[in-house]
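Here is how the chains run, residue by residue.
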Amino acid sequence: MSSPHQSVPPAKSSHTADETTATGRPARPGGLRAAGPGRLAAIAAVVLGYLIFVVVGTAQDWSLGLRIGLVVPTAVVVWLLIPRRESGPTPGVHVIGVPRLAYIGVLVLAFCVFFAFVGWPIGLWWLLLAPVLAVWWVTRTHTTVSDAGLDLSTMVSSNHLDWAQVKGISIPKRGYIRARLADDSEVKLPAVGYDRLRELIEASDGRLPDVFAAAEAAEAERIAAERAQAEDGEDDTDSVS
């Protein structure tokens, strides 16, 4: 398999983009990942406003039904702010994001934070921001692969790389896979760990070489060479006897 910090040059491709990709989750216009900065800020403001309401209501000992009941209209407003999805996938576009199972972790975190908050609402209200930040991280962290290049999105920034800028890929010992650029600098590919490398290669539609196939071919050649050497040794032994 490829060694750490290996730079792999992209291969030229004569393929044309298929209507859908066979791996992972195809990108669709809609959902939180399709929301612009303004809409995301509006959603965050609504959620933060509700959290402030809960904090103040708990401190003032307002009715529990009032505090919890307001979550319904809050959820409706957030749902209306989220861009709607179209029925079909976007041709030639593939999104590699944080797995949806991460939301289970966010839910567990929210329960833990809520119990701590109930114990001391005045001092621990800021803990309620932790699940919001976790959802923001899951939503924003992704790499989009398309004919135009790579679109990289993190919690605080977005970046676009044309295929002409990509010189290869680098595989570090830890962390995300990195794109090596023409100026020999490296850029992390959000959400693309080693376990998602094959997905990235397939989504590139031949623009990145299949390092797994190359490693398997090299291993097969090594085994064949060792087998041939062993057979030559046996022939030498037979000729001496």
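Computed from a predicted model, the values in this text were never measured in an experiment.

If you had to explain helix α4 (residues 102-119) to someone new, which residues and values would you point to?
With 18 residues, α4 should reach 26 Å at 1.5 Å per residue; the first-to-last C-alpha distance of 26 Å fits that figure. Turning to α4, its buried residues are Val106, Val113 and Phe117. Looking straight down α4, one finds its buried side chains confined to an arc of 40 degrees; they lie on one side. With respect to the buried face of α4, the exposed residues turned more than 90 degrees away are Ile104, Phe115 and Gly119. Looking at the buried side of α4, the elements it contacts are α1 (37-59), α5 (121-124) and α6 (129-140).

Residue-level account of the pairing of strand β5 (residues 149-153), with values.
The buried count for β5 comes to four of five residues, which makes it a mostly enclosed element. With five bridges joining them, strand β4 (residues 142-146) and β5 adopt antiparallel strand pairing. Its bridge partner being in β5, threonine 144 is matched across the sheet by aspartate 151. Between β4 and β5, which pair antiparallel one after the other, the connecting turn spans two residues. Sheet topology places β5 next to strand β6 (residues 158-161); four bridges connect them, and they run antiparallel. Following the sheet pairing, leucine 152 is matched in β6 by asparagine 159.

An account of the packing of aromatic side chains is requested, with residue identities and associated values reported.
All chains considered together, the criterion is met by two aromatic pairs. On the basis of an interplanar angle of 50 degrees and a centroid distance of 5.6 Å, the ring pair of phenylalanine 53 and tryptophan 62 is categorised as tilted.

Lay out the pairing of β4 with the relevant residues and their values.
For β4, the tally of buried residues reaches five of five residues, placing the bulk of the element in the interior. Where burial is concerned, the two faces of β4 agree: the one with His142, Thr144 and Ser146 and the one with Thr143 and Val145 are both buried. Bridge analysis of strand β3 (residues 94-97) against β4 gives four bridges, and the strand direction is antiparallel. The residue of β4 that forms the bridge with glycine 97 is histidine 142.

So, how was this worked out
- Residues numbered from 1 in each chain as written.
- Predicted model: local features only at pLDDT ≥ 70, side-chain atom pairs only at ≥ 80, totals over all residues.
- Heavy atoms only, no water.
- Helix = DSSP H or I, 4+ residues; strand = E, 2+ residues; numbered from the N terminus.
- Expected span 1.5 Å × (residues − 1).
- Buried < 20%, exposed > 50% of the residue type's maximum accessible area, 1.4 Å probe, protein only.
- Arc of directions from axis to C-beta.
- Contact = heavy atoms within 4.5 Å.
- Pairing = 2+ DSSP bridges.
- Phe/Tyr/Trp six-rings, centres within 6.5 Å; stacked < 30°, edge-to-face > 60°.

Keep in mind that these numbers describe shape and distance, not what the molecule does.
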